[in-house]
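# Coordinate inspection notes
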Amino acid sequence: MVRVDRNREGDVVSQRDLMDLLPVPIVGMSMSQDGPEDPAEQSLHGAVVYPNSEQELLKVIESAFGYRGDIMLELKSRECISGYLFNRVLDGPHSYVEMFQPGQAGPRRIPCHEIHAFHFTGYDTASGKSWEAWVQTRRQEK
Amino acid sequence: MAVPLSQMLTVTSYVFSQKLKGVKRYPLVLMLEPLFRCNLACAGCGKIQYPEHVLDRRLTPEQCWAAAEECGAPIISIPGGEPLIHPEMSEIVQGLVRRGKFVYLCTNAILLERKMDEYTPSNRLIFSIHMDGLREEHDFAVCRDGVYDVATRAIKAALKRGFRVTTNTTLFSDANPPRVRAFFDEMMDLGVEGMMISPGYSYEKAPDQHGFLKRRRTQELFAAVFAERKRRWRFNQSPLFLEFLMGKRDYQCTPWGNPTYNIFGWQKPCYLLQDGYVSSFRELLETTAWDRYGVGRNEKCRDCMVHCGFEASAVEETFGSWSGLTGTVKAMLFPNAT
């Protein structure tokens with residue numbers, strides 16, 4: 001069982017089954033108790049996930065990799081790294097993720113076994129309503 | 001003929017040299033994405049949804065040239081993002097042309113008239129203008145009114161200055177064949193060298209998730225669009241790929257044919273799917289599990305018929321067998337033969 005501390009509204013949604021919480025791709029996930037019913041319109045934004053096993057860790061990494069917003073990694077050393085997770089290489093004990101941090105020229109590589117928690121802090125840029133808004137505008141014009 | 005002889009000869013000699021060397025997987029077109037920032041937010045695009053600090057990142061000219069040399073493909077396509085936003089784009093293009101590459105600069109043309117002075121006409125530089133149909137369809141697809149008129153004005157200006165100009169068009173499920181045919185007429189009237197056309201790919205991250213074509217519907221649509229094909233329509237792509245779109249041929253995807261390099265590195269496995277990144281082209285070729293991708297192998301590939309996966313398959317058939325070569329000649333000379 002994975003621990004999830006809060007969603008974007010600050011509601012506690014802890015102790016939910018990881019398999020329910022982290023489908024891949026991540027856009028299909030429900031974190032908000034009063035959010036949209038269509039899974040495609042739901043996002044991880046605001047969630048904090050603490051994986052408790054290697055299997056859970058891999059699943060959360062896959063979801064973070066598909067997330068189009070910044071995240072904050074909380075390491076076991078208590079260091080926190082914020083940025084965009086754009087890559088993951090899963091190769092047993094040598095597995096790592098790569099992040100672009102704001103203001104840093106190159107990517108930073110973080111071994112997976114050092115990760116304690118995932119904070120989905122940044123707005124999910126792929127969860128917008130731009131298309132619906134545009135269609136609505138065109139309909140009103142006609 | 002839509003593609004100049006010099007370009008055809010370059011591609012032909014490149015393919016034969018790869019075959020003589022016994023190279024099993026070789027790239028035809030490098031998809032070079034120097035930035036993801038765009039001045040439009042098109043409904044069917046899944047390329048630009050990133051945090052601001054990622055959109056601010058750009059490849060340097062040196063990185064672009066190194067990728068082109070490492071990859072070795074004779075053709076470089078520069079999509080994005082909108083390439084003309086990149087302040088060093090003309091330098092990047094110049095360096096690629098100097099290296100003997102044919103460069104397709106894919107642009108929505110909003111900035112083209114303003115930036116045109118930075119470029120020199122060359123038979124190796126092609127402005128590939130994003131046009132998704134006639135005025136109504138195009139402005140709807142790019143989610144901004146007036147873009148069609150800006151683009152057509154830029155096309156005329158570029159042609160007048162002696163540039164090679166083509167169009168690239170993505171068709172979605174709401175495409176109307178008579179309107180698409182009228183669009184072909186209009187582009188030919190403008191005087192473009194040729195047109196490129198492809199069905200849209202259903203990006204998971206695209207805002208409009210309802211407009212993407214399924215495989216059968218794609219074949220029906222393109223069969224209707226190309227029925228009684230007019231002689232005056234010129235297409236800047238393989239004739240066998242057009243037959244594939246119409247359902248006359250069946251291909252498996254060739255994802256390594258159009259490898260992608262961007263600010264994250266070399267993208268696995270193709271231009272459309274993002275399954276991770278590696279730091280070198282060689283690593284891309286050697287470490288990608290290619291047999292996990294393609295129609296019937298991967299759910300995400302099920303309905304894909306996009307040019308970046310199948311154009312290389314068509315070219316491979318052309319140069320891989322006598323039947324492919326004769327089929328290509330036949331398709332060029334008698335496009336309406338059943």
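In this numbering scheme, every chain counts its residues from 1 along its sequence in written order. Whichever chain is written first becomes A and whichever ligand is written first becomes 1, with later ones labelled in order. Local features in this predicted model are restricted to residues whose pLDDT is 70 or higher, and side-chain atom pairs enter the listing and the counts only when it is 80 or higher, whereas totals over whole chains, interfaces and linings include all residues. The basis for the side-chain values is all heavy atoms of the structure; hydrogens and waters are excluded.

### Notes on the packing of aromatic side chains
Two rings from Phe, Tyr or Trp (for Trp, the six-membered ring) form a pair when their centres are within 6.5 Å of each other. A pair whose planes differ by under 30 degrees is stacked, one over 60 is edge-to-face, and the rest are tilted. Counted by the stated rule, this structure contains 27 aromatic pairs over all chains. Grouping aromatic residues by their ring pairs yields a cluster made of Tyr-84, Phe-86 and Phe-100 of chain A together with Phe-36, Tyr-50, Phe-264 and Tyr-277 of chain B. Any Lys NZ or Arg CZ that is within 6 Å of a ring centre and within 35 degrees of that ring's normal is treated as a charge sitting over the ring. Taking the ring centre of Tyr-96 of chain A as reference, the NZ or CZ of Arg-109 of chain A above it sits at 4.0 Å. One Lys or Arg, Arg-124 of chain B, reaches over the ring of Phe-102 of chain B and ends 4.4 Å from the middle of that ring.

### Observations regarding helix H13 (residues 322-333) of chain B
Residue and element names in this part refer to chain B. With 12 residues, H13 should reach 16 Å at 1.5 Å per residue; the first-to-last C-alpha distance of 16 Å fits that figure. A simple rule labels every residue: compare its accessible area, found with a 1.4 Å probe on the protein chains alone, to the largest value its type can have, and call it buried under 20%, exposed over 50%, or partly exposed in between. Secondary structure is summarised from DSSP: a helix means a run of H or I of at least four residues, a strand means a run of E of at least two, and numbering begins at the N terminus for each. All of the buried residues in H13 are Gly-324, Gly-327, Thr-328 and Ala-331. The arc that holds every buried residue of H13, seen down its axis, measures 100°, which confines them to one face. Any pair of residues with heavy atoms lying within 4.5 Å of one another is described as a contacting pair. Here the buried face of H13 lies against helix H10 (239-245) and helix H12 (307-320). To estimate how far a helix should extend, the number of its residues minus one is multiplied by 1.5 Å. The arc refers to the directions leading from the helix axis to the C-beta atoms.

### Remarks on the pattern of salt bridges
The salt bridge definition used is simple: a Lys or Arg side-chain nitrogen within 4 Å of an Asp or Glu carboxyl oxygen. Applying the stated criterion across every chain, the model contains 24 salt bridges over all chains. Several salt bridges share partner residues, and in doing so they unite Glu-62 and Arg-88 of chain A together with Asp-275 and Arg-292 of chain B into one network.

### Comments concerning the packing of helix H1 (residues 5-20) of chain B against H12 of chain B
Think of two packed helices as two axes; the pair is described by the angle between the axes and how far apart they sit. Residues and elements named next belong to chain B. Here an axis means a line fitted to C-alpha atoms, over the contact stretch when the element is a helix, while the angle between two N-to-C directions is reported on a 0 to 180 degree scale. As a packed pair, H1 and H12 sit with axes 11 Å apart at the nearest point and diverge in direction by 75°. Of the possible angle classes, the one that applies to H1 and H12 is roughly perpendicular. The residues of H12 that touch H1, namely those facing Thr-12, Val-15, Phe-16 and Lys-19, are Val-315, Glu-316, Phe-319 and Gly-320. An angle below 35 degrees is read as roughly parallel, one above 145 as roughly antiparallel, one from 65 to 115 as roughly perpendicular, and any other as oblique.

### What to know about helix H8 (residues 177-190) of chain B
Residues and elements named next belong to chain B. Its 14 residues give H8 an end-to-end C-alpha distance of 20 Å, which sits within 8% of 20 Å, the value for a rise of 1.5 Å per residue. For H8, the set of buried residues is Val-180, Arg-181, Phe-183, Phe-184, Asp-185, Met-187, Met-188 and Leu-190. On its buried face, H8 sits against helix H7 (147-160), strand S5 (164-171), strand S6 (194-199) and helix H9 (215-225). Following H8 by one or two positions, Gly-191 has its phi on the positive side, about 100°.

### What about the nonpolar core?
Put simply, buried Ala, Val, Leu, Ile, Met, Phe, Trp, Tyr and Cys residues joined by side-chain atoms within 4.5 Å make one nonpolar core. Core analysis: the largest hydrophobic core is formed by 111 residues, its most contacted members being Leu-30, Phe-184 and Phe-264 of chain B. Among the nonpolar cores identified, the runner-up in size contains 21 residues, and Tyr-67, Leu-85, Ile-115 and Phe-120 of chain A belong to it.

### Thoughts on the pairing of strand S7 (residues 115-119) of chain A
Residues and elements named next belong to chain A. For S7, the tally of buried residues reaches four of five residues, placing the bulk of the element in the interior. Two strands qualify as a pair provided DSSP detects at least 2 bridges between them. Across two bridges, the pairing between strand S2 (residues 48-50) and S7 is antiparallel. Bridge pairing in S7 places Val-48 opposite His-119. Bridge analysis of strand S3 (residues 71-75) against S7 gives four bridges, and the strand direction is antiparallel. Directly across from Leu-75, in S7, lies its bridge partner Ile-115.

### Quick look at the interface of chain B and chain A
Contacts between the two partners involve 24 residues from chain B, matched on the other side by 26 residues from chain A. Summed over both partners, the accessible area lost on bringing two parts together, with a 1.4 Å probe, is the buried area. In total, chain B and chain A occlude about 2,300 Å² of area from one another, counting both sides; carbon and sulfur atoms represent 56% of this. Sorting the residues of chain B by area buried against chain A places Arg-57, Phe-140 and Lys-205 of chain B first, and these three jointly supply 27% of that buried surface. Joining chain B to chain A, the criterion identifies one salt bridge. Between Arg-88 of chain A and Asp-275 of chain B there is a salt bridge, and its shortest N-O distance comes to 3.0 Å. Any pair of nitrogen or oxygen atoms within 3.5 Å is treated as a polar contact; in protein, a donor-acceptor pairing is required on top of that, and neighbouring residues in sequence qualify only through side-chain atoms on both sides. At the junction of chain B and chain A, the tally comes to 12 residue pairs in polar contact (both at pLDDT 80 or more). Mapped by element, the contributors of at least two residues to the side of chain B that touches chain A are helix H2 (52-55), helix H6 (135-141) and strand S9 (274-278) of chain B. Note on residue classes: Ala, Val, Leu, Ile, Met, Phe, Trp, Tyr, Cys and Pro are nonpolar, Asp, Glu, Lys and Arg are charged, and everything else, Gly too, is polar. Among the residues making up the side of chain B that touches chain A, the classes are represented as 10 nonpolar, five polar and nine charged.

### Description of the confidence of the model for chain B
For every residue, the predictor assigns a confidence score, pLDDT, that lies between 0 and 100. A residue-level look at chain B finds 99% of positions with pLDDT of 70 or above and a mean pLDDT of 94. ipTM for the predicted complex: 0.90, alongside a pTM of 0.90.

### Overview of the environment of Phe-102 of chain B
All names here are of chain B. Here Phe-102 shows up in strand S3 (residues 102-107). Phe-102 sits 25 residues away from Ser-77 along the chain, and the two C-alpha atoms are 8.4 Å apart. When near neighbours in sequence (up to four residues on either side) are disregarded, Phe-102 contacts Ser-6, Gln-7, Thr-10, Pro-74, Ile-75, Ile-76, Asn-123, Arg-124 and Arg-164.

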